[in-house]
Amino acid sequence: MQDAGAPQVRTILLTDLVDSTHLVERLGDAAAAALFRAHDRLVLELQQRWRGRLIDRSDGLLLLFERPIDGLAFALDYARGLRDLGREMQLNQPLQARAGLHVGEVLVWENSPEAVRQGAKSLEVEGLAKPLAGRLMALARPGQILLSATAEPLAHRAARELGERGELLVWKSYGRWRFKGIPEAQEVHEVGEPGLAPLRIPSHTPKAWRDLPLWRRPVALTAEALLVAGMAIGAWFLAQPKPAIAFNERDWVVVGDLRNLTSDPRLEDALEQAFRISLEQSRYVNVVGELKVRDTLQRMQRKPDTAVDRALGSEIALRDGARAVLLPTVSEVGGRLRVSAEVIDPHTQTTVYAVSADGKGVESALASIDEVTDQLRAKLGEALQNVQKTSVPLPNVATPSLDALKAFAVARRVANTTGDREQALGLYRRALQLDPQFALAHADMARLHATLGEPGAARDEWRKALALPQRLSPQERQMIELMLMQHTGPQAYFRKADEYLALYPDDYQTIGRLSSNQWHQRNDFRAAEALSRRALKPQNERFSSVRYSLGIMLLGQERYDAAQTEFRLAREAGFVGAGELYALLHEARGQYAEADKTYFAGTAGRNGWHGETGAIVWIDRGQPAQAAAAVRDWAQKADASGDVLELLRAHAALASMAVLHGQGDAARARQALLALVEAKGAMGDDLYPPVSTELRLYAGLLSAYRDDRAGVEEALRRTQGSTVVRDYPTIRELHEVLQAEQERLGGQPRLAMARLAPLVRQDTALVATHWALMRAARAAREEDVANAQADWLATHRGRVFAESTTSDVLRFFNVSVSAEVARSRQQAATKTP
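Reading the values: rules and limits
Residues numbered from 1 in each chain as written. Predicted model: local features only at pLDDT ≥ 70, side-chain atom pairs only at ≥ 80, totals over all residues. Heavy atoms only, no water. Axes fitted to C-alpha atoms, helices over the stretch in contact; angles between N-to-C directions. Helix = DSSP H or I, 4+ residues; strand = E, 2+ residues; numbered from the N terminus. Parallel < 35°, antiparallel > 145°, perpendicular 65-115°, else oblique. Left-handed = near helix turned anticlockwise from the far one by under 90°. Contact = heavy atoms within 4.5 Å. Nonpolar A, V, L, I, M, F, W, Y, C, P; charged D, E, K, R; others polar. 1 Å grid on protein atoms, 1.4 Å probe; cavity = no way out; pocket = protein on both sides within 12 Å on 5 of 7 lines; lining within 4 Å. Points joined across faces, edges and corners; volume = space filled by probe spheres on them. Phe/Tyr/Trp six-rings, centres within 6.5 Å; stacked < 30°, edge-to-face > 60°. Buried < 20%, exposed > 50% of the residue type's maximum accessible area, 1.4 Å probe, protein only. Lys NZ or Arg CZ within 6 Å of the ring centre and 35° of its normal. Pairing = 2+ DSSP bridges. Expected span 1.5 Å × (residues − 1). Polar contact = N/O pair within 3.5 Å; in protein donor to acceptor, adjacent residues only side chain to side chain.

In this section: the packing of helix α31 (residues 691-705) against helix α32 (residues 709-718). Contact pair α31 / α32: the axes reach a minimum separation of 7 Å and the direction vectors enclose 160°. Taken together, the axes of α31 and α32 lie roughly antiparallel to each other. Relative to α32, the crossing made by α31 is left-handed. Between α31 and α32, the contacting residues are R696, L697, G700, S703 and A704 on the first element and G711, V712, A715 and R718 on the second. The class makeup of the residues in the contact of α31 with α32 is four nonpolar, three polar and two charged.

Attention now goes to empty space enclosed by the protein. Taken as a whole and judged by the stated rule, the model has three cavities of 30 Å³ or more. Looking at the lining of the largest cavity, the elements with two or more residues in it are α6 (151-157), α20 (490-503) and α22 (525-535). By residue class, the composition of the lining of the largest cavity is eight nonpolar, no polar and six charged. In this structure, the second largest cavity occupies an estimated 70 Å³ of space. Forming the walls of the second largest cavity are V9, R10, T11, E66, R67, P68, V103, L154, R495, D498 and E499. Looking at the lining of the second largest cavity residue by residue, the classes come out as four nonpolar, one polar and six charged.

Taken as a whole and assessed by the stated rule, the structure comprises 18 aromatic pairs. Between W771 and F813 the ring centres are 4.9 Å apart and the planes differ by 90°, which places this aromatic pair in the edge-to-face class. Taken together, the residues span a long stretch of sequence, with W771 in helix α36 (residues 767-779) and F813 in helix α39 (residues 810-831) at a distance of 42 residues. There is no split in this pair, since W771 and F813 are both buried. Aromatic ring contacts, followed pair by pair, group Y548, F567, F575 and Y582 into a single cluster. When the ring centre of Y504 is taken as reference, the NZ or CZ atom of R283 above it lies at 5.7 Å.

Turning next to the pairing of strand β15 (residues 350-359). In this sheet, β15 lies alongside strand β14 (residues 336-345) in antiparallel orientation, the contact comprising nine bridges. Bridge pairing in β15 places I344 opposite T351. The hairpin turn running from β14 into β15, its antiparallel successor, is four residues long, and Q349 in that turn takes a positive phi close to 60°.

With that out of the way, let us pick up the side chain of E124. Its location among the elements puts E124 in strand β5 (residues 123-126). The class of E124 is buried, set by a relative accessible area of 16%. If near-sequence neighbours (up to four positions away) are discounted, E124 is found in contact with L107, V108, W109 and N111.

Reported here for the second largest pocket is a volume of approximately 1,500 Å³. Mapped onto the lining of the second largest pocket, the elements with two or more residues apiece are β1 (8-17), α2 (29-49), β3 (60-65), β4 (97-110), α20, α33 (723-727), α34 (729-745) and α35 (749-760). By residue number, the principal contributor to the lining of the second largest pocket is α34, which donates five residues. Split into classes, the residues belonging to the lining of the second largest pocket amount to ten nonpolar, twelve polar and 17 charged.

Look at α31: 21 Å from first C-alpha to last across 15 residues, which is about the 21 Å you get at 1.5 Å a residue. Most of α31 sits inside the fold, with 15 of its 15 residues counted as buried. The positive-phi residue at the C-terminal boundary of α31 is D707, with phi of around 60°.

Let us look at the environment of D309. Here D309 lies in the loop between α10 (290-299) and α11 (310-320). For D309, a relative accessible area of 41% corresponds to the partly exposed category. Each C-alpha atom of the pair D309 and D257 lies 6.5 Å from the other, and the pair is 52 residues apart in sequence. Setting aside residues up to four positions removed in sequence, D309 forms contacts with S314 and L327. Polar side-chain contacts of D309 include one of 2.9 Å to the backbone nitrogen of L312.

The following block contains the structure:
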């Protein structure tokens, strides 16, 4: 038996089939066996659909999932599937299960082969999370899905990923319950579909009962005790600070420019930045970002550096949906340094209240800012214990050096306005010279490198920041950990992202990155759409680019009109990106003149169709020579620039043109690609780990196109046992496609079909998977299946253009095979009398 490793946070689902023993007795052995075979097929299908791992089964199931929403989706589909199965088998009683869902730490280990042969399970799961899931399952009514307080918010926030069905779910809370063997009371929740789930509070059992407050227990209390309790509660409420403005948790504020009424110029930028950093520690108050304020100023036709005062701050707040404006001031009063802040109602521009803190000398400024922001948070309604719990003193979370803070603030302004790389980095380095422990300076440098497309340098700075955990706020530390996990595999990243967003649900930049990763790493356009919509808020400083991303996700689902609307609104909102996919939307619809017009109006199209996008368009329009010329030009520029990723991708495009369109020697181009991967792949992987693996598999896919079995087997051999294949869903699926092609070329097309059929039933299936199934079906003389996949390739043009895997090389193949199928159909139609 292998030792259990470190505990892992997983979603645990336990189910129990209701009255299964009685059902077997009533049906008889033969009918019961048929029922359970059908049941097992249902479980297997749902397990594959929702990425679950089946650990144990008997009368019930024990499954592990990476994400709570996947476990919930399995439970919902399982409940519906059991109902349909019961009707199909014409049972006289409903076929139902109880289900319990929890998220927590578990230990997972594999039993030895000998133990498995002796009857042990192949995988064991233990830990405190398992019995709680079991208690929830046992408490549930027939057909009921109960969730713990840990699982419910994570699943609830991700429910949009279930589409329209997720909007129809009913979420209920049944308060705190006591479970035998579990020391602390637990919150219990139910999720279900109306008409299918009980949606009723569970009944008490000997092992589970509600944790009722004293006044609701069947024990008589004295009238004096009730009176004292009532007076105490009333007094507590009266003592709480009542906000004089209608401010709710997670509402937004605009921070105006700090007024410096002292003679010390260091305080101006430094304290304004300190005020923001201190206030941003709150999970109750959201602060509109500096970039968003500048963007709104531009839309108001004001200069980005215009001072934000009472009037201007109020107008920005009304435009961006902020509830209040905060105006900080630093002044000298009676020989002491005073930091104060006014809370402004943007509707009336009047001061609702003001707070202040005094200190002796400039050294007191940071402590005074902490005191002022704590007062503001309490005035706005945040509980005092939360303020105390989440407030880290500014010298700890930023720097005790005002000079370092001044350099940091100016560096941020340069990075956010002019974008001058060297000047901004020089200022950040100056801040670090003044305070070598200034972790936020490292974090900001990492953000700047990431924005400039320098992921290696960004990772180095993230790690330097994380090496100073005592100088980071809890949110900043978790965000940096999340950024670093982008390069360790999607499973860990998505799990960490769910945990982070449960704590910081209004971090729209993180939500936007998560949407992009759903697109690139999982090919999941629906989940990416849901996340884009979640980030499409007026307070988001990247509002226009998020709207453009939403257009891409809609294009990938063939929702052309909706996608076109989002692309148009993105441009109207100020999006100034290349707009390539906006143009490709028209290309997908065969509107070539509109595609040209849209592309040429963007920043990338000023010189006509060229480079990568030009190659794709010329491929689609049946102009391979022009496509090849565009690729050669792209490769030359990539080589001259020294951009390793672009060079690798351009050579993948050169190989594509040779193999798929006869533009060059196919074998030589494929070998040139593999030679470049050998020479430069490690450098590419250092920037983005999946690069060399995906390129080797792509070379194998080009071999498969030529029916070159040796090339396919070489690609599979070189990627055997790869952790990238294991961890990245789209690459794992591409590996499956090559295995299917190996089976087809080995004379076993039906094995290939069996491998591919479950994959194409998923919305996330790659275009290449549909192509491979079409080829396998033709080899197996299954013309109906082959024609269905050809239909898919010819009609899902939005997906063909929008699909974007980890290194984004499949797009050349996708457009080529889709166009090939479309032209074959046109030729066949013209020959038909």
